[in-house]
Structures are given as C-alpha cells and as structure tokens.
Amino acid sequence: MTAPPDPPCSVSLVSLATLAKTGVAECAFGPPDDPFRVVVFFERERIYAFENRCPHFSIPLNFEPGIFWIYSGSELMCAHHSAMFRLEDGVCFDGPCNGAALRKLAVEIHQGTVWCTSPPFRVTQDAP
Ligand code: FES
C-alpha cells in the first residue's frame with residue numbers, strides 16, 4: 001500500500017486583473033461549515049494575503065462579504081472590535097489583541113493569477 005500523494009504546493013486565489021480592480025478578494029477552502037478563509041489585498045501596487053481570521057475571537061475580519069476596512073493603504077481594521085493590523089506583517093498594533101498577528105500567507109503571480117504558494121491547508125486543486 002502506498003502513501004497518499006502530498007497536496008499540491010500551491011492553489012490559485014484570484015486573477016491579478018480582478019484583484020487590481022477590486023483591491024480585495026476572499027477565498028474559502030475546505031468544508032462549507034468550517035472552511036479555511038483567505039483574504040488577499042492589493043494596496044499600493046503590492047499584494048498581501050492572510051488567513052481571514054482575527055486573533056481576537058477567531059472569526060473573519062469582515063462583517064459583510066468583500067468589505068474590509070483599509071486605512072492609508074497600509075492598515076487593516078477588524079470589523080468587529082476595531083483591532084488594527086499592519087498589512088506589512090499582519091501584526092496588531094492597536095486594539096483588543098494588541099501584539100497578536102494575522103497568519104500571513106506566501107503568494108506568487110504566475111500567468112496573471114495570484115497563487116498561494118505555501119497553503120497551510122489541504123487542497124485538491126491542481127497546481128499549474
Ligand atoms: S474579532 Fe477582531 S477585534 Fe474582535
């Protein structure tokens with residue numbers, strides 16, 4: 001009996017054209033009742049990807065689908081209790097979880113698509 005194959009090393013998140021237009025994309029992987037949520041931002045010509053899970057209450061950072069609060073192109077506010085996070089490293093610098101951090105995800109762009117290159121979740125999608 002052979003071991004099951006390793007999961008693919010990357011998973012597509014969103015097209016770069018769409019992300020550049022909207023500035024944000026939400027993705028979810030896994031079972032619908034307990035998905036792994038990802039949010040990707042395009043701010044100041046840079047891409048930032050995080051697990052969409054506030055370290056304060058372990059719930060998504062947004063209240064409404066696709067609506068995230070970004071300030072000065074570099075700071076993200078959780079919609080629930082106003083924790084403030086730096087996009088650069090995901091660290092909370094103000095609010096109820098000061099010093100905690102969002103889980104930052106590595107991304108790369110290939111052929112016009114933004115890929116998560118080290119997903120901390122099991123995926124079934126084929127790599128390019
Ligand atoms: S759940 Fe994000 S600040 Fe409370």
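For the structure itself, look to the data block above.
Throughout, residues of each chain are indexed from 1 in the direction in which the sequence is written. pLDDT decides what is reported in this predicted model: residues at 70 or higher carry local features, side-chain atom pairs at 80 or more are listed and counted, and totals for whole chains, interfaces and linings draw on all residues regardless.

Peer 1: Run through the overall build of the protein chain, naming residues and quoting values.
Peer 2: Per the secondary structure count, the protein chain includes 1 helix and 11 strands. In the protein chain, the succession of helices and strands from N to C terminus is β-α-β-β-β-β-β-β-β-β-β-β. Considering the protein chain as a whole, with its 128 residues, one finds that 23% of them fall into the buried category. By definition, residues are in contact whenever their C-beta atoms, placed on the basis of the backbone, come within 7 Å of each other. Taking contacts inside the protein chain between residues at least 6 apart in sequence as the whole, the part at least 24 apart equals 44%. In this text, helices come from DSSP runs of H or I with a minimum length of four residues, and strands from runs of E with a minimum of two, each type numbered from the N-terminal end. With C-beta atoms placed from the backbone, a residue is labelled by how many other C-beta atoms lie within 10 Å of its own: buried for 20 or more, exposed for 12 or fewer, partly exposed between the two.

Peer 1: Any chance you could break down the sheet that holds strand E1 (residues 11-15) for me, citing the residues and the numbers?
Peer 2: The strands making up a sheet associate through hydrogen bonds between their backbones, and the pairing can be parallel or antiparallel. Each pair of strands is called paired provided DSSP finds at least two bridges between the two strands. Read from one edge of the open sheet, 3 strands run E1-E11-E10, paired in antiparallel fashion. Looking at strand neighbours, the two that pair on one side only are E1 and strand E10 (107-110), the edges of this open sheet. Each strand of the sheet is rotated relative to its neighbour by a mean of 35°, with strand direction disregarded. Fitted lines through C-alpha atoms give the axes, limited to the stretch in contact for helices. The angle between two N-to-C directions lies from 0 to 180 degrees.

Peer 1: Which residues make up the sheet that holds strand E4 (residues 46-51), and what are the values?
Peer 2: One open sheet accounts for 4 strands, arranged E2-E3-E4-E9; its pairing is antiparallel. A strand with exactly one partner marks an edge of an open sheet, and here the two such strands are strand E2 (24-29) and strand E9 (104-105). As paired elements, strand E3 (residues 36-43) and E4 share 6 bridges and run antiparallel to each other. Considered in E4, the bridge of Val 40 is made with Ala 49.

Peer 1: So what's going on with the pairing of E3? Which residues, and what values?
Peer 2: Remark: a regular strand shows side chains that alternate across the two faces of the sheet. In terms of strand pairing, E2 meets E3 through 6 bridges, oriented antiparallel. Bridge pairing links Phe 29 to Phe 36 in E3. Connecting E2 to the antiparallel partner E3 that follows it, the hairpin turn spans 6 residues, and Gly 30 within it adopts a positive phi of roughly 95°. Here E3 folds back onto E4, and the loop between the two strands holds 2 residues, one of which, Arg 44, carries a positive phi near 50°.

Peer 1: Please give an account of the environment of Phe 85 that cites residues and values.
Peer 2: In this fold, Phe 85 is placed in strand E7 (residues 84-86). On the basis of neighbour counts, which here come to 25 C-beta atoms within 10 Å, the residue Phe 85 falls in the buried class. Note: C-alpha distance between Phe 85 and Asn 98 (13 residues apart in sequence) is 8.8 Å. Phe 85 has contacts with Glu 75, Leu 76, Gly 90, Val 91, Cys 92 and Leu 102, leaving out every residue within four places of it along the chain.

Peer 1: Quick rundown of the environment of Gly 23? Include the residues and the values.
Peer 2: For Gly 23, the location among the structural elements is in the loop between helix H1 (16-22) and E2. C-alpha of Gly 23 to C-alpha of Ile 47: the two residues are 24 residues apart in sequence and 9.2 Å apart in space. Among all residues touching Gly 23, those that are not within four sequence positions of it are Phe 41, Phe 42 and Glu 43.

Peer 1: For the environment of Arg 53, give the residues involved together with the corresponding values.
Peer 2: Of note, Arg 53 is situated in the loop between E4 and strand E5 (69-71). A tally of 17 C-beta atoms within 10 Å means that Arg 53 is categorised as partly exposed. For the pair Arg 53 and Leu 102, spaced 49 residues apart in sequence, the C-alpha separation works out to 7.0 Å. Leaving out residues up to four positions away in the same chain, Arg 53 has contacts with Arg 37, Ser 58, Pro 60 and Arg 103.

Peer 1: Which residues make up unusual backbone geometry, and what values do they have?
Peer 2: We note that Ser 58 has phi near 55°; this positive angle belongs to a residue other than glycine. If you trace the backbone, Ser 58 turns up in the loop between E4 and E5. When the 7 C-beta atoms within 10 Å are taken as the criterion, Ser 58 is described as exposed. With a phi close to 50°, Gln 111 is a non-glycine residue in the positive phi region. Examined against the element boundaries, Gln 111 turns out to sit in the loop between E10 and strand E11 (113-116). For Gln 111, a count of 9 C-beta atoms within 10 Å corresponds to the exposed category.

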